[in-house]
Amino acid sequence: MPQNQGDLKFLTSFYHCKSFNEFEFKKNQLITVKGGKIVSIQEASGDIDSDTVVIPGFMIPGFIDTHIHSPQYVFTGTGYDLGLLEWLQKYTFPKECQFDDLKHTRNVYEKVVSKTLKNGTTCASYYATIHPHSSLELARICVEKGQRGFIGKVNMDRNSPDYYTETTESSLRDTREFVKNVLGLESDLVVPCITPRFVPTCTSELMLGLAAIAKEFNLPIQSHLSENKNEISWVQQLHPESETYSHVYYDHGLLNKNTIMAHCIHLEPKERELLREQQVGISHCPNSNFCLHSGVMNVRRLVQEGFEKIGLGTDCAGGYSPSLMDSMRQALIASKVIHIESRNETAKEQFDALHYYHVFYLATLGSAKVLNLDHKLGNFEVGKEFDALVIDMSGIDLFDHDDEYTRFEKFIYLGDDRHIKQVYVQGKQVI
Ligand SMILES: [Zn+2]
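The structure contained in this document is the topic of the report that follows. (Residues numbered from 1 in each chain as written. Predicted model: local features only at pLDDT ≥ 70, side-chain atom pairs only at ≥ 80, totals over all residues. Heavy atoms only, no water.)

To continue, consider the coordination of the zinc ion. For a metal with four tetrahedral donors the ideal donor-metal-donor angle is 109.5 degrees, while six octahedral donors give ideal angles of 90 or 180 degrees. The protein atoms that coordinate the zinc ion are H67 (NE2), H69 (NE2), H224 (NE2) and D315 (OD), at distances of 2.0 to 2.4 Å. Mapped onto the sequence, the residues coordinating the zinc ion show the spacing H-x1-H-x154-H-x90-D. With H69 in strand β5 (residues 63-69) and D315 in the loop between β12 (310-312) and α11 (324-342), this pair connects stretches of sequence that are 246 residues apart. Using a relative accessible area of 2% as the deciding quantity, one classes H69 as buried. (Donors = N, O, S within 2.8 Å, 3.2 Å for Na, K, Ca; no water. Helix = DSSP H or I, 4+ residues; strand = E, 2+ residues; numbered from the N terminus. Buried < 20%, exposed > 50% of the residue type's maximum accessible area, 1.4 Å probe, protein only.)

Spelled out as structure tokens, the structure:
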């Protein structure tokens, strides 16, 4: 067995992506990991050292969830009768407000981190609640359980219920304190993330103040954009001075290469141009988009227009599954809906559906790009950190005609947490 934590040697086959269209299968590779990083990948030949771990199935890079709400886990799988704005009022805010209780927080957040790790999520961009101490607790739990996390204390100082709101001043003060406390954990697994919930719940003053904090500490920013048509009209009413919804974030200093925007379903061409210019990362959350009747995002169009930073988000509890395996399948279905609609006689443009390896890219390297972590995560390359899943196909029937590629396609369409046998983050086995 390995002597030092994070020092490992594996004999394994693996699948990964090098870009949206470059999917690769490598057979019988010797992967050496030191200090949590991949130091060499070689074709195995000759005798194998006794300290080499032989993987009977195959490995893939860890999944990265670019958008998930940890407090909403308590009602995941319920309440999909409403659209976004009504859903927030009826289901979300009453549940989120309960997270001022640290005991409740720990109970729920331990379950969220364990469940997502078990499903292969080695890194997640989390929204917590408006409560700074309970948001900090999420960071602590990620560190304890060994999951990477962008941790967001949510901000909302307008159009929020009386029982779940902040003043502009307290929101900014608490965010600053939260940022310092997360940085004070001195863990390279967790990063504080500036998290204005979305434009309707944040005043201009708050958005400007949050942009200043993000700049001061060089932090990622996450929010929601263009999810639902009623939401878009509401933003237009609130900010007639800005050209579009996207421009509201831009005009308040919140749209740049460190920004992750979830949904982005109904963007106008000039918004897409702005997001591309600003190198914003886009989190595609298809399960949520179906469940809250928001719409269907067109990944192909964004790729054709030159977007590179597109990844997947489960958006629990807008989406009902905390698993990126589900997100991949929902992204496939969403792309098929776009494809079917684009065959209508009245359609102006045609779009092909995505393939299984495209959604695998979105869940791994694409998501790493969204979080600006592709220099260290997302695939198996020398110098990158070793975040990996060991996959065992037991229970998924294979036949004589199956090859390496159909085997993997079956895993994408039919796999779940039962097939994820081990999970490594930074070279450390966490499941
Ligand atoms: Zn969300």
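Further remarks concern the packing of aromatic side chains. For the structure shown, the criterion picks out 26 aromatic pairs. With a centroid separation of 4.9 Å and 65 degrees between ring planes, the pair formed by F14 and F380 is classed as edge-to-face. With F14 in strand β1 (residues 8-17) and F380 in the loop between α12 (356-370) and β13 (388-391), the pair connects residues that are 366 residues apart, well separated along the chain. Residue class for F14 comes out buried when judged on its relative accessible area of 1%. Given a relative accessible area of 4%, F380 falls into the buried group. With a centroid separation of 6.1 Å and an interplanar angle of 70 degrees, the aromatic rings of F23 and Y405 are classed as edge-to-face. Residue F23 is found in strand β2 (residues 23-34), and its partner Y405 is found in helix α13 (residues 404-414); the two are separated by 382 residues along the sequence. Taken together, the ring pairs in this structure connect Y15, F23, F25, F58, Y356, Y357, F360, Y405, F408 and F411 into an aromatic cluster. (Phe/Tyr/Trp six-rings, centres within 6.5 Å; stacked < 30°, edge-to-face > 60°.)

Along the polypeptide, T122 turns up in strand β6 (residues 121-127). Sequence-distant contacts of T122, defined by excluding residues within four places in its chain, comprise G62, F63, Q147, R148, D387, L389, V423, Y424 and V425. (Contact = heavy atoms within 4.5 Å.)

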